[in-house]
Amino acid sequence: MATISDIGVAAAINILTAFAFFIVFAILRIQPVNDRVYFPKWYIKGLRSSPLGTGAFVGKFVNLDFRSYVRFLNWMPAALQMPEPELIDHAGLDSAVYLRIYLIGLKIFVPIAFLAFTISVPVNWTNNTLEHSNLTYSDLDKLSISNIPTGSCRFWTHMVMAYAFTFWTCYVLKTEYETVAKMRLHFLASEKRRPDQFTVLVRNVPPDPDESVGELVEHFFLVNHPSDYLTHQVVYNANELSNLVNKKKKMKNWLDYYQIKYSRNQSRKPSLKTGFLGLWGNRVDAIDHYTSEIERLSREISLERDKIVNNPKSIMPAAFVSFKTRWGAAVCAQTQQSRNPTIWLTGWAPEPRDVYWDNLAIPFVSLTLRRLVIAVAFFFLTFFFMIPIAFVQSLANIEGIEKALPFLKPIIEMKVFKSFIQGFLPGIALKIFLIFLPSILMLMSKFEGFISLSGLERRSAARYYIFQFINVFLGSIITGTAFQQLDNFIHQSATQIPKTVGVSIPMKATFFITYIMVDGWAGVAGEILRLKPLIIYHLKNFFLVKTEKDREEAMDPGTLGFNTGEPQIQLYFLLGLVYAVVSPILLPFIIVFFALAFVVYRHQIINVYNQEYESAAAFWPDVHGRIIVAVIVSQLLLMGLLSTKEAAQSTPLLITLPVLTIWFHLFCKGRYEPAFVRYPLQEAMMKDTLERAREPNLNLKSFLQNAYSHPVFKGEDDSDSDGAPEEFEKEPDLVPTKRQSRRNTPLPSKHSGSVSSSQREAQEYPLI
């Protein structure tokens, strides 16, 4: 059985691993050659320059100031010094609120741990139930509820603790929800002008035989939002054009490289082989080759642009519609536009850098089918992943395997080997199995058709959480109990199996302790080391970097990774809340994780990560909801556990807890969630009024008319003649329409600035 010494070995291994990571990081971060790896955010902001350009030759690569090696842990207090308002200005509200998730963990679990170790642990320890049972247990299991005899009156202690922990958790959640909601509203009120504040995305524009999508959109909003509509940009299917532009960028980068190479040594013109990876084929002049390739791609790009402009099928039934005021955009985004609720669907447009352009080309009608396909695929992915989970649990419960496979006992019983297997290998094996999961889930979200990066990450995070709940949590408990109590399952009657499972659930705390140490302690320490980005940067810098632009791309800082980080945090909330009552020994390990992760990720947000978008903490309702789910799961499992302990008299009292928790969740949802899904008209009007007072001559149309043009139409890839064609640089003129509904448009046509016949007719016909 797993002993305290086994857990001690695991703790020692992971503590030493984490400490080694911190030492190596402290040394590597002060080396000039690694400066771009550990401080990329300051380079992106233009507030830091490379130290390689100054000093002696050796000093360009190695820090010769030995005093800096003594202060190797000074990054920790430095990470905590930046005040939260300054952090929001520096990194955005998303990053600041993400850090508050770790603070919530500390606020919830520190008082709970104090209460549990003061009351629950002595109540559990002062029994000898496990000693007189035939169950496989460890010394740590004596601290759990499994050590209390069946039908004991001591279970009243655990019921009282369940109420106390639930009320405290709900109090912290309410306080944080209120605080974050205020932070969001203040952030939106004080934020600089952005295109998404004035813009909505309109989808499922109905087809019309007489008008193009652009004309139809303009007419609809001139009629229904006559005083607020400003401009629009239709959505084009430009995925193929985007691929061509990206190819041209790569070719230009190679051309720059060979031109620089030739300028350094003009005695010999660079050449290359045209075959696969330059390994074979005809040898040609490199500069001439890439010049001709760029010219060929330029012609293809021009043809593809003309094709998009002239082919109506390239225009999707969707458009970004911008308004003169935030108030007008808020009204449109938050109301139904037509008596038919399936057409003219409006919602807030993502900010331009948050748009996932590839998915805008997906027909809206196919989204439902795509999501059904992905739901089925996700079900099978979750189900079949039980196989590696069962394998991991077989490693975590060696005693059960010894009873089934006794010939392995001499090898397994070696002390060092056994301690390593039980204390370290299960956690690292499970971590390895989960490495590729986030990428798979992100591909699923992209296939579903979400049109923003934030939407993709939030959907991936939701699925990752469900997956971890079913496989890592429930799967580890069920399969682990089966392996741990293998002998009992074989020899006892079927009616006794549920009771054995109920008793064994608290005893799975030892496995989760090892998982927390591997993933939470060593994993977080490995995060700050950034070993993979460090190696990739230096490999690229040595072999692939050809220009300064290449060096900037090699310095990719990455992002917080909300789709992986937040579900992982939620797993710790789930483990902490479930085991707080039944096996409190888990709590100190979780507290260490939250404290360590808070410091590490604060440092990374300040110095490394560069967020791709800003959603103003729109993800917070998801965070709140998953913690509520963890609370309810902990209550239900406690009820099930006590039912196996013949403490049925406590069940009616415990049923009240989930009911109260659900009521609390509905209260928070009604009170605070609207701030995250809707924009108050009062706030919009205040911001519009202030802006008009400060900038009375603001030309908002020039600010908005190209904000949502596809990036490949903006000519950002180069400055030559292949830039955006005139059709995309200015708002397209409209041709006279044949639609009879045009008589309801009470404004002059944009095609002709004069008063049109349709406008005169509008004076005779009331709007309908």
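Residues numbered from 1 in each chain as written. Predicted model: local features only at pLDDT ≥ 70, side-chain atom pairs only at ≥ 80, totals over all residues. Heavy atoms only, no water.

A. Structural view of the overall build of the protein. Scanning the protein from N- to C-terminus turns up 35 helices and six strands. Looking at the protein as a whole, 52% of its 768 residues are labelled buried. Across the protein, the fraction of contacts at a sequence separation of at least 24, relative to all contacts at a separation of at least 6, is 80%. (Helix = DSSP H or I, 4+ residues; strand = E, 2+ residues; numbered from the N terminus. Buried < 20%, exposed > 50% of the residue type's maximum accessible area, 1.4 Å probe, protein only. Contact = heavy atoms within 4.5 Å.)

B. Local environment of the nonpolar core. Within the largest apolar cluster, 133 residues are counted, with the highest numbers of intra-cluster contacts made by Tyr102, Phe473, Tyr579 and Trp620. Of all the elements, helix α7 (residues 93–125) adds the most residues to this core, at 15 residues. With 28 residues, the next largest nonpolar core counts Phe220, Leu244, Ala319 and Cys332 among its residues. (Core = buried A, V, L, I, M, F, W, Y, C linked by side-chain atoms within 4.5 Å.)

C. Spotlight on the pattern of salt bridges. Overall, the coordinates contain 22 salt bridges when judged by the stated rule. In this structure, glutamate 351 engages arginine 353 in a salt bridge whose closest nitrogen and oxygen atoms are separated by 2.9 Å. Since its relative accessible area comes to 7%, glutamate 351 is described here as buried. Ionic contacts of the salt-bridge type, sharing partners, join the residues Glu191, Arg194, Asp196, Glu351 and Arg353 into one network. (Salt bridge = Lys/Arg side-chain N within 4 Å of Asp/Glu carboxyl O.)

D. Here's a closer look at unusual backbone geometry. For asparagine 204, which is not a glycine, the phi torsion comes out positive at approximately 60 degrees. Counting through the fold element by element, asparagine 204 comes out in the loop between β1 (199–203) and α9 (213–224). Positive phi, normally seen in glycine, also occurs at tryptophan 344, with a value near 50 degrees. As for its placement among the helices and strands, tryptophan 344 is situated in the loop between α12 (326–333) and β6 (345–348).

E. Up close: the pairing of strand β2 (residues 229–236). Counting buried positions along β2 gives eight out of eight residues, so the element sits mostly inside the fold. Direction of pairing for β2 relative to strand β5 (residues 315–323): antiparallel, over a ladder of six bridges. Among the inter-strand pairings, valine 234 is bridged to a residue of β5, identified as alanine 319. (Pairing = 2+ DSSP bridges.)

F. Representation of empty space enclosed by the protein within the structure. In total, this model carries six cavities of 30 Å³ or more according to the counting rule given. Of the pockets and cavities examined, the second largest cavity occupies roughly 110 Å³. Lining the second largest cavity we find Ala162, Phe165, Thr166, Thr169, Leu577, Val578, Ala580, Val581, Val631, Ser634, Gln635 and Leu638. Listing elements by their share of the lining of the second largest cavity, those giving two or more residues are α8 (155–190), α27 (562–582) and α29 (620–644). (1 Å grid on protein atoms, 1.4 Å probe; cavity = no way out; pocket = protein on both sides within 12 Å on 5 of 7 lines; lining within 4 Å. Points joined across faces, edges and corners; volume = space filled by probe spheres on them.)

G. Structural view of the pairing of β1. Counting buried positions over the five residues of β1 gives five, a clear majority of the element. Side chains Thr199, Leu201 and Arg203 of β1 all project onto a buried face; the interleaved residues Val200 and Val202 project onto the opposite face, where all are buried too. Of the strand pairs in this sheet, β1 and β5 are connected by five bridges, and their pairing is antiparallel. Looking across to β5, one finds that threonine 199 is bridged to serine 322. Pairing analysis gives four bridges linking β1 to β6, with the strands arranged antiparallel. By the bridge assignment, arginine 203 is partnered in β6 with leucine 345.

H. Representation of α29. For α29, with 25 residues, the first-to-last C-alpha span of 37 Å sits near the 36 Å given by 1.5 Å per residue. Counting buried positions over the 25 residues of α29 gives 19, a clear majority of the element. (Expected span 1.5 Å × (residues − 1).)

I. Structural view of the sheet that holds β2. The strand order β2-β5-β1-β6 describes an open sheet built from four strands, whose pairing is antiparallel. Lying at the two open borders of the sheet, with one neighbouring strand each, are β2 and β6. On average, each strand axis in the sheet is tilted by 25 degrees relative to the strand beside it, whichever way the strands run. Contacts from α12 reach β1, β5 and β6 within the one sheet, and its direction differs from that of β6 by about 130 degrees. (Axes fitted to C-alpha atoms, helices over the stretch in contact; angles between N-to-C directions.)

J. Main features of the UniProt feature "transmembrane region" (unreviewed entry) in the protein. The UniProt feature table records "transmembrane region" (unreviewed entry) at residues 6–28, 101–125, 372–396, 416–443, 464–483 and 569–602. The distance from the first to the last C-alpha atom of residues 101–125 is 33 Å, and the span holds 100% helix and 0% strand. Across residues 569–602, helical content stands at 88% and strand content at 0%; the span's end C-alpha atoms are separated by 15 Å. (UniProt positions renumbered as here; feature names shortened; annotations may be inferred.)

K. Inspection of α27 at higher detail. Between its first and last C-alpha, α27 extends 30 Å over 21 residues, near the 30 Å set by a 1.5 Å rise per residue. Here α27 lies mainly inside the structure; 20 of its 21 residues are buried.

L. Quick peek at the environment of alanine 616. On the secondary structure map, alanine 616 appears in the loop between α28 (587–607) and α29. Counting along the chain gives 428 residues from alanine 616 to leucine 188, while the straight-line C-alpha distance between them is 7.4 Å. Ignoring sequence-local partners within four residues, the contact set of alanine 616 consists of Leu93, Asp94, Arg184, Phe187 and Leu188.

M. Quick look at the confidence of the model for the protein. Averaged over all residues, the pLDDT of the protein is 80; the fraction at 70 or higher stands at 76%. The weakest mean pLDDT in the protein belongs to helix α35 (residues 757–764) at 37; the strongest belongs to α12 at 95. Confidence drops under a pLDDT of 50 for residues 716–738, and excluding neighbours within four residues, the segment shows 45 contacts in the predicted structure. Confidence over residues 741–768 falls short of pLDDT 50; this stretch has 39 contacts with residues more than four positions distant or in other chains. (pLDDT = per-residue confidence, 0-100.)

N. Structural detail: the packing of α8 against α27. With their axes 9 Å apart at the nearest point, α8 and α27 run at an angle of 150 degrees to one another. Between α8 and α27, the angle falls in the class roughly antiparallel. Between α8 and α27 the crossing geometry is right-handed. Between α8 and α27, the residues in contact are His158, Met161, Ala162, Phe165 and Thr169 and Leu577, Ala580 and Val581, respectively. When its residues are assigned to classes, the contact of α8 with α27 shows six nonpolar, two polar and no charged. (Parallel < 35°, antiparallel > 145°, perpendicular 65-115°, else oblique. Left-handed = near helix turned anticlockwise from the far one by under 90°. Nonpolar A, V, L, I, M, F, W, Y, C, P; charged D, E, K, R; others polar.)

O. Seen up close, the side chain of asparagine 204. Looking at asparagine 204, the relative accessible area reads 18%, which means it is buried. There is a polar contact of 2.4 Å between the side chain of asparagine 204 and the backbone oxygen of threonine 342. (Polar contact = N/O pair within 3.5 Å; in protein donor to acceptor, adjacent residues only side chain to side chain.)

P. Representation of the side chain of serine 314. Structurally, the position occupied by serine 314 is in the loop between α11 (286–310) and β5. In this structure serine 314 touches Val235, Tyr236, Asn237, Lys307 and Ile308, once residues within four positions along its chain are discounted.

Q. Summary view of the packing of helix α10 (residues 239–264) against α11. Taken N-terminus to C-terminus, the directions of α10 and α11 make an angle of 160 degrees; their axes are 9 Å apart at the nearest point. In terms of orientation, α10 lies roughly antiparallel with respect to α11. The handedness of the crossing between α10 and α11 comes out as left-handed. Across the contact of α10 with α11, the residue classes tally to 15 nonpolar, three polar and eight charged.

R. A look at a nonpolar patch on the surface. Residues Leu369, Leu372, Val373, Val376, Phe379, Phe380, Phe383, Phe384, Ile387 and Phe447 make up a contiguous nonpolar surface patch of about 1,000 Å² in total accessible area. Of all the elements, helix α14 (residues 367–384) adds the most residues to the nonpolar patch, at eight residues. Exposure remark for leucine 369: the relative accessible area of 57% places this residue in the exposed category. (Patch = residues over 30% accessible without salt bridge, like charges linked within 9 Å, V, L, I, M, F, W, Y side chains within 5 Å. Areas by Shrake-Rupley, 256 points an atom, 1.4 Å probe, with all protein chains shown as cover.)

S. Seen up close, the packing of aromatic side chains. One pass over the structure, following the stated rule, counts 38 aromatic pairs. Relative to tyrosine 102, the ring of tyrosine 98 has its centre 5.8 Å away and its plane inclined at 75 degrees; by these criteria the two rings are edge-to-face. Remark: tyrosine 102 and tyrosine 98 occur in helix α7; sequence separation between them is four residues, near one turn of the helix. Taken as a pair, tyrosine 98 and tyrosine 102 share a single burial class, namely buried. (Phe/Tyr/Trp six-rings, centres within 6.5 Å; stacked < 30°, edge-to-face > 60°.)

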